[in-house]
Amino acid sequence: TTGQLLSLYEHRVAVQGFVWGVNSFDQWGVELGKVLATRVRTAMNTKRTKGEIMSPSDGFNPSTTSMLNRYLAGKAKLIYPEPKDVFP
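Residues numbered from 1 in each chain as written. Predicted model: local features only at pLDDT ≥ 70, side-chain atom pairs only at ≥ 80, totals over all residues. Heavy atoms only, no water.

Participant: Quick one: what's the story with the nonpolar core, residue by residue and with numbers?
Facilitator: The biggest cluster of nonpolar side chains holds six residues, and these are Ala43, Met44, Met54, Phe60, Leu68 and Leu72. Of all the elements in the fold, those that place two or more residues in this core are helix H2 (28-50) and helix H3 (62-77). Here Ala43 is in contact with Met54 and Phe60, once residues within four sequence places are set aside. (Core = buried A, V, L, I, M, F, W, Y, C linked by side-chain atoms within 4.5 Å. Buried < 20%, exposed > 50% of the residue type's maximum accessible area, 1.4 Å probe, protein only. Helix = DSSP H or I, 4+ residues; strand = E, 2+ residues; numbered from the N terminus. Contact = heavy atoms within 4.5 Å.)

Participant: Explain helix H1 (residues 2-20) to me, using residue names and the numbers behind them.
Facilitator: Under the 1.5 Å per step criterion, the end-to-end length of H1 is 27 Å for 19 residues, consistent within 8% with the ideal 27 Å. Positive phi shows up at Gly21, right after H1, with a value of about 75°. (Expected span 1.5 Å × (residues − 1).)

Participant: Summarise the pattern of salt bridges; cite the residues concerned and give the values.
Facilitator: Throughout the structure, instances matching the rule amount to three salt bridges. In this structure, Glu52 engages Lys47 in a salt bridge whose closest nitrogen and oxygen atoms are separated by 3.4 Å. Among the ionic pairs, Lys47 bridges to Asp58, the shortest N-O distance being 3.5 Å. Taken together, the positions of Lys47 in helix H2 and Asp58 in the loop between H2 and H3 put the pair eleven residues apart, joining distant regions of the chain. Lys47 sits in the buried class, given a relative accessible area of 14%. Within this structure, Lys47, Glu52 and Asp58 form a network of salt bridges that share partners. (Salt bridge = Lys/Arg side-chain N within 4 Å of Asp/Glu carboxyl O.)

Participant: Provide a residue-level description of the environment of Leu72, including the pertinent values.
Facilitator: Secondary-structure assignment places Leu72 in helix H3. In the structure, Leu72 is positioned 24 residues away from Arg48 in sequence and 6.8 Å away in space, judged by C-alpha atoms. Beyond its immediate chain neighbours, meaning those up to four positions away, Leu72 contacts Met44, Lys47, Arg48, Glu52 and Met54.

Participant: Outline the side chain of Asn69, listing residues and values.
Facilitator: Note that Asn69 resides in helix H3. Leaving out residues up to four positions away in the same chain, Asn69 has contacts with Ile53 and Met54.

Okay, structure coming up:
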């Protein structure tokens, strides 16, 4: 079954990692994503509370800046009873 194949593959990966002295389940990309997401969230929260938009000087590429500005513009249209408690 599919579960057995998945289990076999997972066991194989774990054993190979053990033999090579590598942590097979160390997901550095996930950890990097968490760090970058925290940076984006902090920048967005700062801009949103000040009523500003993101700019290229914030350190994001133009595509990301455009996407974040579009998101912030949409959030500015919404009205919450207590905006301090709502992010994003």
